[in-house]
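Observations on the three-dimensional arrangement
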Amino acid sequence: MEDTPMTSEARIEDSVDCRFVSSVSPTAPRIMAGGHPCQGLYWTPKGNPNPKVAFIATHYNVDFSEHYFAAYVASRGFGFLGWNTRYRGAEDMFLLEHALVDISVGVTWLREHAGVEKVVIFGNSGGGSLMAAYQAEATRPTLASNLTQQGAERLASLPGVDYYISSNAHIGRPEVMTDWMDASVTDEADPVATDPELDPFNPDNGPPYSPEFVTRYRAAQRARNQRITDWAKAELERLNQAGIPDRLFPLFRMWGDLRCMDPSLDPSDRIPGQCYRGDPSVANRSPSIGRACMLTTWLNMWSLETSKCQGEPHLNKLTIPALVIQGTADTGVFPSDARRIHKAIGSKDKMLGLLPGAHYFEESAQHRHDAADVVADWLKARL
């Protein structure tokens, strides 16, 4: 009988060990209740707690400590640190500068405590642009002046790594939000207000969507991002003048990427009419990415005008060997996204691989094994 993915994954995890790691950060102490700002799990081959080559994976806000790829990588002889910054589960508070400092804590732990000689940053999903930003800042610092004292010192001297891997990654945080947002929203305070001529779920507009509609819709998405940015800057100034540092605000209708509804756009092996939350017409009415946001976080992470989380400027700075892998059935990252990432990477040694599977290669253990083999073979050829 063929093994089910659950059985196969259980066997993979039986072949590895993991241990809990936690630490303070130069810009965040341990809280009074006991929790550390930086936490994660370090996965290693069974019987080998100190491999010489290890991965580190971190996301903007998703808990990566139990990352699905960890056991697959560790079973092939490498370490894998699923690492969380202070922003795990706190997307609304995110600030890039502090996140990079927290990632450096994990990189330092691998080198100074785990005995790792070569470090691989593994950028999965949103983590692709975050990890690229880390190495870019380690290569050519530009953000240190945004922090003070210990934070500025650490940000100016981040320990660099040796390899970069992008796996089913978005090009950047503001780019993916803009690609996904519903361009027909006419009032950010009203989840219902809609321009029917831009409504992607209005059958009069498609799918399939005409080239003219696609062009108009994409421009309206960028305009929506800019409207929120203009409001956020003005609102932050108003609050600051009153002695209020920041505020929270909601975002509605963030599952409007035309590619989710129209498979002829950016063709791939994906299931048509699906996004990460299922049916986009239903998901678009529900809280989702960026559903709550501080003004400073919008400007730091989501704004096309002001965000430092855009991917291409960071990817351009990379000089280390780089691998981009992309599942051809991904319903939220598409072939053009992977090609754009690969093109933007400044490294001379870079490779792009399109593989069967969805966003987390979740349909079968075999897809995960295949992806792990590609990654392991690429890395071993460069060690």
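Coordinates for the structure precede this section.
Let us look at the structure shown here. (Residues numbered from 1 in each chain as written. Predicted model: local features only at pLDDT ≥ 70, side-chain atom pairs only at ≥ 80, totals over all residues. Heavy atoms only, no water.)

Between helix H6 (residues 173-180) and helix H7 (residues 211-241), the least distance of the axes is 8 Å, while the angle of their chain directions is 125°. One element, H6, and the other, H7, form an angle in the oblique class. Judged by the sense of rotation from one axis to the other, the crossing of H6 with H7 is right-handed. For the pair H6 and H7, the contacting residues are Pro174, Thr178, Asp179 and Trp180 in the first and Arg218, Gln221, Arg222 and Asn225 in the second. Grouping the constituent residues of the contact of H6 with H7 by class yields two nonpolar, three polar and three charged. (Axes fitted to C-alpha atoms, helices over the stretch in contact; angles between N-to-C directions. Helix = DSSP H or I, 4+ residues; strand = E, 2+ residues; numbered from the N terminus. Parallel < 35°, antiparallel > 145°, perpendicular 65-115°, else oblique. Left-handed = near helix turned anticlockwise from the far one by under 90°. Contact = heavy atoms within 4.5 Å. Nonpolar A, V, L, I, M, F, W, Y, C, P; charged D, E, K, R; others polar.)

Scanning the model with the defined rule gives 18 aromatic pairs in all. A centroid spacing of 5.8 Å and a plane angle of 70° characterise the contact between Tyr68 and Tyr360, whose relative ring orientation is edge-to-face. Of this pair, Tyr68 sits in the loop between strand S3 (53-57) and helix H2 (69-74) while Tyr360 sits in the loop between strand S10 (350-355) and helix H13 (365-380); the two residues are 292 residues apart in sequence, bridging distant segments of the chain. Given a relative accessible area of 30%, Tyr360 falls into the partly exposed group. Note on Tyr87 and Phe94: the rings are 5.1 Å apart at their centroids and 55° apart in plane angle, and the pair reads as tilted. In this pair, the class of Tyr87 matches that of Phe94, namely buried. Among the aromatic side chains, those forming a connected cluster through ring pairs are Phe55, Tyr68, Phe69, Phe78, Phe80, Phe122 and Tyr360. (Phe/Tyr/Trp six-rings, centres within 6.5 Å; stacked < 30°, edge-to-face > 60°. Buried < 20%, exposed > 50% of the residue type's maximum accessible area, 1.4 Å probe, protein only.)

Applying the stated criterion across every chain yields a total of 18 salt bridges. Linking Asp17 and Lys46 is a salt bridge whose minimum nitrogen-to-oxygen distance equals 2.9 Å. Of the two residues, Asp17 is situated in strand S1 (residues 16-23) and Lys46 in the loop between strand S2 (38-45) and S3; the sequence distance between them amounts to 29 residues. Among the ionic pairs, Arg76 bridges to Asp373, the shortest N-O distance being 3.0 Å. Of this pair, Arg76 sits in the loop between H2 and strand S4 (79-84) while Asp373 sits in helix H13, placing them 297 residues apart in sequence. Overall, Asp373 belongs to the partly exposed group, its relative accessible area being 34%. The network of salt bridges with shared partners includes Asp179, Arg218, Asp257, Arg259, Asp266 and Asp337. (Salt bridge = Lys/Arg side-chain N within 4 Å of Asp/Glu carboxyl O.)

An order of S1-S2-S4-S3-S5-S6-S9-S10 is seen for the eight strands of this open sheet, with the pairing classed as mixed. Each end of this open sheet is capped by a strand with a single partner; those strands are S1 and S10. The mean angle between the axes of side-by-side strands here comes to 20°, regardless of whether they run parallel or antiparallel. With eight bridges connecting them, S1 and S2 associate as antiparallel partners. Within S2, the position partnered with Ser23 by the bridge is Cys38. Relative to S4, helix H3 (residues 96-112) is tilted by about 155°, and along the sheet it contacts S1, S2, S3, S4 and strand S5 (118-124). (Pairing = 2+ DSSP bridges.)

Inspection of the secondary structure assignment puts Glu305 in the loop between helix H10 (295-302) and helix H11 (311-315). On the accessibility criterion, Glu305 (42% relative accessible area) is partly exposed. Through-space distance from the C-alpha of Glu305 to that of Met261 is 28 Å; in sequence the pair is 44 residues apart. Separated by 2.9 Å, the side chains of Glu305 and Lys233 make a polar contact. (Polar contact = N/O pair within 3.5 Å; in protein donor to acceptor, adjacent residues only side chain to side chain.)

Everything listed here is a matter of geometry and, on its own, says nothing about what the molecule does.
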